[in-house]
Amino acid sequence: MKRTGWVWPGVTGLVLGLLALGPGLAPGFLLSFDMVFTPGPRFSAMTFGLTGTVPRHVPSDAFGVALAHVLPGDVAQKAVLLGIFVLASMAAASLVPTRRVVPRVAAGAVYAWNPFVAERLLLGHWAFLLGYAALPLVAGAAARAAEPGGGRRLTRALVPAAIGGFAGVAVSALVAGAVVLCRPERKRGLAKAVAAVVVLSLPWLVTGWLRPSGMPGAPEGVGAFAARADTPFGALGSLFTLGGAWNAATVPPGYGTPLLAVVWLVVVVASVVAFARTRTDGTAGLAIAAGAGYVLAALGVVAAPLLRGLIEAWPGFAVLRDGQQYVAPLAVVVAVGFGVLADRAADRRLDALGVLAVLLPLVLLPGLAWGAAGRLRPVHYPDAWARAREIVRADPVPGDVLILPWATYREYPWNGGRTSLDALPRYLDRRGILSDAVVIGRTVVPAEDPRARALDPVVRAGGPLTARLAAHGIRYVAFDAETSGNAYYARLGGAQRVLADADLVLYRLPDPARPREDSAPAALAGTAWAVTLMSVVWSFAASGITLATRSLRHPRGKAP
Amino acid sequence: MRIAIAAVAGVLLAALASFGAVQLANASQQEPVIKPLYGYGSR
């Protein structure tokens, strides 16, 4: 493909990204569920998964912090989010076997603008979406993995997924594995694919594997995180139409109404059929990955006891809990098939249909537009948070920060009451400890952080807190919600209130013990990072422009 | 013939867009759901 062939899909992705974020592009941070960016973040032990917590945020937090050293934090966030749309559109376009622009743009539009992207975006899974965006590139690179230079190409394609951590890598590994196994010289291709996946996973693999308290599986979360119906077609039909995320609050407004859902279902079915009739390198593997991914996505719905049993046998299977993520390969199939349909329309000189096809995703999913109809609104952190950071930063006495109320998620009034992960652990420079137990309806997925588990009985019990918290190495207690007349204040006798504001109250405790924290060995984690970064540099060295090579070869070329 | 197909597709697209806009407006006017504090969400 000519390098200019990327321009229109890229521009389309950018326009879709601008449309999706809308007012969210204004100055400020978008805090939605798991998406937390902060101003002026610093690297810390937590960034690299060296605090004993489960390293789900590795290496995405490090990527975010590094980016925020180059750009203001909120600008970095918007750049990443827009980049997802641009990359997704360009990557999907690369797999459509035609030289015509409109069909490739149509494929890019469907891949960048669908229920999967909308629900994961609202859920705040930006790092996972980076891997999703590059998934078509992974498929294309895997198809040629056995060729000279194939290892480098595949490693490059996997870098966005690697930023997403284990969920992103798991989905990409599924696609890469299925595609290389369906190609000639599968042994060589598979060896390269496994090597690339393992090397890029080292930062979280090492810190997770060597975590002293092991990896929790929490099989009780299977039901809570299973796919749910967001269309009239039930959970399985919703997954097939690329929706079905577990959280009801992430369904875009207006999505799933019968008429639009039926039209979207017809589009998906027609696209899948069109893809099935397409013969290019890698399509067989991609089809298998999509099928396998759909089965994995449905496990929590149709075989919850099996999934629970698997997780009890080996906690690593917990990566299948939030199963809807695994329909991502199906989204690639739908996008490419949609592009093929648009190409066939062009074959029949129905160019206008192709142009309308580009607009169809927007028509069928209007709720993603304009900041997901207002759900993505930029906010500024309260001034009190900045003052707290200065106070904590200026204090030479070591010690951690206990964050109350004792819960993981918040509905800050300054964030419009929208649910978001508590941002304070990433905002302050010190280790923040909060209860990382997750509450979904009536299900409680137990806390995983050993420090939170150790402090849980202390916090929940009555009586004075100050001395007992100090004995656990706590220097500060921060209240970032329920700041007015909190009952805990009376339990902090002897502690000094150093900040009192409606948005944040901060207490300083005297004579904290030196905090002790078991984590993976820092030297090994550092080595893992070095190996991964070197492999990334190696993959890009002398590669020219990464996206300028055709990802999937097609046997026949067509005039643009 | 091509013009007729494009016109039909255009009308269909416009109808879907109108329907989508109405659904969107309806969804935004629903009563807010009272959510439990500090939860990750509900199914």
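Residues numbered from 1 in each chain as written. Chains lettered and ligands numbered in written order. Predicted model: local features only at pLDDT ≥ 70, side-chain atom pairs only at ≥ 80, totals over all residues. Heavy atoms only, no water.

**Student:** In this structure, what is going on with the overall build of chain A? I would like to understand it.
**Tutor:** Helix and strand counts for chain A come out as 22 helices and 9 strands. Since a compact globule built from 560 residues should have a radius of gyration of about 24 Å, the 24 Å found for chain A is in line with a globular shape. Judged by the C-alpha coordinates and their principal axes, chain A covers about 80 × 50 × 45 Å. Residue burial in chain A is summarised as follows: out of 560 residues, 61% are buried. Within chain A, contacts between residues at least 6 apart in sequence are counted, and of these 78% link residues at least 24 apart. A total accessible area of about 20200 Å² is found for chain A, and carbon and sulfur atoms account for 65% of it. Separation between the mean location of the 52 positive side-chain charges and that of the 32 negative ones in chain A comes to 11 Å. (Helix = DSSP H or I, 4+ residues; strand = E, 2+ residues; numbered from the N terminus. Rg over C-alpha atoms; globule rule 2.2 N^0.38 Å. Buried < 20%, exposed > 50% of the residue type's maximum accessible area, 1.4 Å probe, protein only. Contact = heavy atoms within 4.5 Å. Areas by Shrake-Rupley, 256 points an atom, 1.4 Å probe, with all protein chains shown as cover. Lys, Arg positive; Asp, Glu negative; His and termini not counted. Charge placed at Lys NZ, Arg CZ, Asp CG, Glu CD.)

**Student:** How do you make sense of the overall build of chain B when you look at a structure like this?
**Tutor:** Of the regular secondary structure elements, chain B holds 1 helix and 0 strands. With 43 residues in all, chain B has 23% of them scored as buried.

**Student:** What exactly am I supposed to notice about the domain arrangement of chain A here?
**Tutor:** One frequently used descriptor of interface size is the decrease in accessible area upon assembly of the parts. Residue and element names in this part refer to chain A. Under the domain assignment, chain A is made up of domain 1 (3-377 + 527-545) and domain 2 (383-508). Once you take the C-alpha centre of each, domain 1 and domain 2 turn out to be 34 Å apart. Contact residues are listed per partner, giving 30 residues for domain 1 and 24 residues for domain 2. The largest contributions to the domain 1 side of the interface with domain 2 come from L31, F33 and V36, which together make up 23% of the buried area. Put simply, domain 1 and domain 2 have 3 salt bridges between them. D429 is paired through a salt bridge with R42; the nearest N and O atoms lie 3.7 Å apart. Linking domain 1 to domain 2 there are 9 residue pairs in polar contact (both at pLDDT 80 or more). Its residues assigned to classes, the side of domain 1 that touches domain 2 shows 11 nonpolar, 10 polar and 9 charged. (Domains from an automatic or database assignment. Buried area = accessible area lost by both parts, 1.4 Å probe. Salt bridge = Lys/Arg side-chain N within 4 Å of Asp/Glu carboxyl O. Polar contact = N/O pair within 3.5 Å; in protein donor to acceptor, adjacent residues only side chain to side chain. Nonpolar A, V, L, I, M, F, W, Y, C, P; charged D, E, K, R; others polar.)

**Student:** Can you walk me through unusual backbone geometry in this structure?
**Tutor:** Note: most peptide bonds trans; most residues except glycine with negative phi. Residue and element names in this part refer to chain A. Backbone torsion omega between V58 and P59 reads 0°, so that peptide bond is classified as cis. Within the secondary structure layout, P59 lies in the loop between α1 (7-21) and α2 (60-68). A cis geometry characterises the amide bond from L404 onward to P405, with omega recorded as 0°. Mapping P405 onto the fold places it in the loop between β1 (400-404) and β2 (409-410).

**Student:** What exactly am I supposed to notice about the pairing of β1 of chain A here?
**Tutor:** Consecutive side chains of a regular strand alternate in pointing toward one face of the sheet and then the other. Residue and element names in this part refer to chain A. The buried fraction of β1 amounts to 5 of the 5 residues, a majority that puts the element mostly inside the structure. Of the two faces of β1, the one lined by D400, L402 and L404 and the one lined by V401 and I403 are each fully buried. Pairing between β1 and strand β7 (residues 474-479): 5 bridges, direction parallel. Across the sheet, I403 pairs through a bridge with A478, a residue of β7. Summarising the sheet, β1 and strand β4 (residues 432-433) pair through 2 bridges and their orientation is parallel. (Pairing = 2+ DSSP bridges.)

**Student:** Just checking my understanding: could you explain the pattern of salt bridges for this structure?
**Tutor:** Think of it this way: side chains of opposite charge can pair up when their charged atoms draw near. All names here are of chain A. In this structure the tally under the stated criterion is 22 salt bridges over all chains. With a closest N to O distance of 3.7 Å, D395 and R430 form a salt bridge. Of this pair, D395 sits in the loop between α18 (383-394) and β1 while R430 is found in the loop between α19 (424-427) and β4, placing the two residues 35 residues apart along the sequence. Neither D395 nor R430 differs from the other in exposure class; each is buried. A salt bridge links R431 to D449; its shortest N-O distance comes to 3.0 Å. One end of the pair, R431, is in the loop between α19 and β4; the other, D449, is in the loop between β6 (443-445) and α20 (450-460), and 18 residues separate them in sequence.

**Student:** Teacher, can you tell me more about empty space enclosed by the protein here?
**Tutor:** If a probe as big as a water molecule is rolled over the atoms, it shows which places are left empty. Residues and elements named next belong to chain A. Scanning the entire structure with this criterion turns up 1 cavity of 30 Å³ or more. Estimates place the volume of the largest cavity at around 40 Å³. Surrounding the largest cavity, W113, N114, P115, Y255, W264, P361, L364 and L365 form its lining. For the lining of the largest cavity, the per-class residue count stands at 7 nonpolar, 1 polar and no charged. (1 Å grid on protein atoms, 1.4 Å probe; cavity = no way out; pocket = protein on both sides within 12 Å on 5 of 7 lines; lining within 4 Å. Points joined across faces, edges and corners; volume = space filled by probe spheres on them.)

**Student:** Would you mind showing me how to read the packing of helix α6 (residues 126-143) of chain A against helix α8 (residues 165-181) of chain A here?
**Tutor:** Residues and elements named next belong to chain A. Relative to each other, α6 and α8 sit at 15°, their axes nearing to 9 Å. Considering the angle they form, α6 stands roughly parallel to α8. Between α6 and α8 the crossing geometry is right-handed. Of the residues in α8, those touching α6 at F128, G131, L135, V138, A139, A142 and A143 are A167, G168, V171, S172, V175, A176, V179 and V180. Class assignment for the residues of the contact of α6 with α8 results in 12 nonpolar, 3 polar and no charged. (Axes fitted to C-alpha atoms, helices over the stretch in contact; angles between N-to-C directions. Parallel < 35°, antiparallel > 145°, perpendicular 65-115°, else oblique. Left-handed = near helix turned anticlockwise from the far one by under 90°.)

**Student:** Honestly, the side chain of R491 of chain A in this entry has me stumped. Any pointers?
**Tutor:** All names here are of chain A. As for its placement among the helices and strands, R491 is situated in the loop between β7 and β8 (496-500). No salt bridge is formed by the buried R491, whose closest oppositely charged neighbour, D456, lies at an N-O distance of 11 Å. Leaving out residues up to four positions away in the same chain, R491 has contacts with V458, V459, A461, G462, G463, P464, L465 and T466.

**Student:** Just to check I follow, could you spell out the packing of aromatic side chains for this structure?
**Tutor:** The description of two aromatic rings rests on the distance between their centres and on the angle between their planes. Residues and elements named next belong to chain A. Tallied over the entire structure, the rule returns 26 aromatic pairs over all chains. Relative to Y132, the ring of Y111 has its centre 4.2 Å away and its plane inclined at 15°; by these criteria the two rings are stacked. With Y111 in helix α4 (residues 101-112) and Y132 in helix α6, the pair connects residues that are 21 residues apart, well separated along the chain. We classify Y111 as buried; its relative accessible area is 0%. Y132 gets classed as buried once you look at its relative accessible area, which sits at 2%. (Phe/Tyr/Trp six-rings, centres within 6.5 Å; stacked < 30°, edge-to-face > 60°.)

**Student:** Hey, could you run me through the pairing of β8 of chain A in this one?
**Tutor:** Residue and element names in this part refer to chain A. Two elements, β8 and strand β9 (residues 505-508), share 4 bridges in a ladder whose sense is antiparallel. Considered in β9, the bridge of A500 is made with V505. With antiparallel pairing between neighbouring strands as the criterion, β8 and β9 make up a hairpin whose turn holds 4 residues.

**Student:** When you look at the interface of chain B and chain A in this model, what are you seeing that I'm missing?
**Tutor:** At the interface, 22 residues of chain B touch 46 residues of chain A. Both sides together, the interface formed by chain B and chain A hides about 2700 Å², and carbon and sulfur atoms give 70% of it. The interface formed by chain B and chain A includes 0 salt bridges. The interface formed by chain B and chain A contains 10 residue pairs in polar contact (both at pLDDT 80 or more). Of the residues that constitute the side of chain B that touches chain A, the class distribution is 13 nonpolar, 6 polar and 3 charged.

**Student:** Looking at this structure, how should I read a nonpolar patch on the surface?
**Tutor:** Residue and element names in this part refer to chain A. On the surface, V7, W8, V11, V15, V101, V102 and V355 cluster together into a nonpolar patch covering about 560 Å² of accessible area. Contributing elements (two or more residues each) for the nonpolar patch: α1 and α4. The greatest single-element share of the nonpolar patch, amounting to 4 residues, is contributed by α1. Checked against the element boundaries, V102 lands in helix α4. (Patch = residues over 30% accessible without salt bridge, like charges linked within 9 Å, V, L, I, M, F, W, Y side chains within 5 Å.)

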